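An overview of the molecular structure
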Amino acid sequence: MNKIVIAIDGYSSCGKSTLAKSLARKLGYVFIDSGAMYRAVTLYAIRNSLINGGTPDKDAIIAATCNMQITFRFDPETEKNTTYLNGEDVEEEIRRLEVSEYVSPVSAIREVREAMVRLQQGMGAEKGIVMDGRDIGTVVFPDAELKIFMTADPEIRAQRRFLELQAKGLNINIEEVRKNISQRDFIDQNREESPLRKAADAIVLDNSHLTPQEQLDWAAGKAFEIIERL
Ligand code: DC
């Protein structure tokens, strides 16, 4: 069967990775969470004091990107995708609120984006990939056969994210989560480099009132329609 590229973009905490992961599993495709790559760069910057007084040291971070090896490993038994930074499992650490606070300004650095986009395009060279992020349908894979742009009510997104972080045992309050989501949406849409935009040929999916299974059925239907036509 012919393989396609599926690009999923959208706002923060819309459940893009949940959909991308389940869709990849259903199709037997590779799943890549491109946000995890920007999070890994941000974690490296935090650990190496490259963020001072809340501002990323752009030149130092650009220089450091060549020291960062970011890879993913999929465990078929647990069905978990794990992010590695220079061989270390950083999956849990990159999801912390401290990383979320700085990831948008770090990912706004042009040279950081160029390095990540190169890696992402390499990962999709053979097709058979579902990648989620902010610029996948516009910049990384402008020729993707299926592009989905996800959105959901901001309050519903904050509630979902809050419950997810709480379930991980993190001590946070919902106000912090609301603030973080709206700040990231603002920076992601207003940065100069590859701002978050719906690609002209993307299909909008508002999942405010959909279950994960309903959104998967919808997206898989779209994917199979395209694959059958090839
Ligand atoms: O998907 P996420 O929330 O884990 O992504 C974290 C941040 O990374 C997000 O606020 C913006 C940035 N990002 C990006 O600029 N481009 C991507 N393709 C993916 C994420």
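Description of the structure in this document. Since we're looking at a predicted model, the values are computed, not measured.

What counts and what doesn't
- Residues numbered from 1 in each chain as written.
- Predicted model: local features only at pLDDT ≥ 70, side-chain atom pairs only at ≥ 80, totals over all residues.
- Heavy atoms only, no water.
- Helix = DSSP H or I, 4+ residues; strand = E, 2+ residues; numbered from the N terminus.
- Rg over C-alpha atoms; globule rule 2.2 N^0.38 Å.
- Buried < 20%, exposed > 50% of the residue type's maximum accessible area, 1.4 Å probe, protein only.
- Contact = heavy atoms within 4.5 Å.
- Pairing = 2+ DSSP bridges.
- Axes fitted to C-alpha atoms, helices over the stretch in contact; angles between N-to-C directions.
- Parallel < 35°, antiparallel > 145°, perpendicular 65-115°, else oblique.
- Left-handed = near helix turned anticlockwise from the far one by under 90°.
- Nonpolar A, V, L, I, M, F, W, Y, C, P; charged D, E, K, R; others polar.
- Near = heavy atom within 4 Å.
- Polar contact = N/O pair within 3.5 Å; in protein donor to acceptor, adjacent residues only side chain to side chain.
- Areas by Shrake-Rupley, 256 points an atom, 1.4 Å probe, with all protein chains shown as cover.
- Phe/Tyr/Trp six-rings, centres within 6.5 Å; stacked < 30°, edge-to-face > 60°.
- Lys NZ or Arg CZ within 6 Å of the ring centre and 35° of its normal.

A count of helical and extended segments in the chain gives nine helices and ten strands. Relative to the globule expectation of 17 Å for 230 residues, the C-alpha radius of gyration of the chain, 17 Å, shows essentially globular dimensions. Dimensions along the principal axes, computed over C-alpha positions, put the chain at roughly 50 × 40 × 35 Å. Counting only residues that meet the buried cut, the chain has 50% of its 230 residues in that class. In the chain, 71% of the contacts between residues at least 6 apart in sequence involve partners at least 24 apart.

Sheets are built from strands paired through backbone hydrogen bonds, the pairs being either parallel or antiparallel. Taken together, three strands build an open sheet; the order of strands is β5-β6-β7 and the sheet is antiparallel. Because the sheet does not close on itself, it has two edges, and the strands there are β5 (70-75) and β7 (88-89). Note: β5 against strand β6 (residues 80-85), six bridges, orientation antiparallel. In the sheet register, T71 faces β6, and the bridge partner there is Y84. The strands touched by helix α2 (residues 34-47) within the sheet are β5, β6 and β7, with β6 carrying the most contacts at an inclination of about 35°.

Look at α2 against helix α5 (residues 110-123): their axes get within 11 Å of each other, and the N-to-C directions meet at 140°. As judged from the angle between their axes, α2 and α5 are oblique. By crossing handedness, the relation of α2 to α5 is classed as right-handed. Where α2 abuts α5, its residues S34, M37, Y38 and V41 lie against V112, R113, M116, V117, L119, Q120 and M123. Residue composition of the contact of α2 with α5, grouped by class: eight nonpolar, two polar and one charged.

All right, on to the site of the ligand then. Around the ligand, a shell composed of 15 residues is seen, among which R39, R113, D135, R184 and R191 lie nearest. With respect to the ligand, the side chain of R113 contributes an N or O atom lying 2.8 Å from an oxygen atom. In isolation the ligand has 450 Å² of accessible area, and contact with the protein removes 96% of it. If you list the elements that add at least two residues to the shell around the ligand, you get α2, α4 (97-107) and α8 (174-190). Split into classes, the residues belonging to the shell around the ligand amount to three nonpolar, five polar and seven charged.

Turning next to the packing of aromatic side chains. Tallying each qualifying case throughout the model produces one aromatic pair. Considering the side-chain rings of Y11 and F149, the 5.7 Å spacing of their centres and the 80° angle between planes classify their relative orientation as edge-to-face. In this pair, Y11 is assigned in the loop between β1 (5-10) and α1 (16-27) and F149 in strand β9 (residues 146-151), connecting sequence segments 138 residues apart. In this structure, R73 packs its charged tip against the face of Y84, placed 3.9 Å from the ring centre.

With that out of the way, let us pick up the sheet that holds β1. Spatially, five strands are ordered β2-β8-β1-β9-β10 in an open sheet, and the strand pairing comes out parallel. Each having just a single partner strand, β2 (30-33) and β10 (203-206) make up the two edges of the open sheet. Each strand of the sheet is rotated relative to its neighbour by a mean of 20°, with strand direction disregarded. Pairing analysis gives four bridges linking β9 to β10, with the strands arranged parallel. Across the sheet, residue I148 finds its bridge partner in β10, namely I203. The strands touched by helix α9 (residues 212-229) are β1, β9 and β10; relative to β9, the strand with the most contacts, the crossing angle is about 160°.

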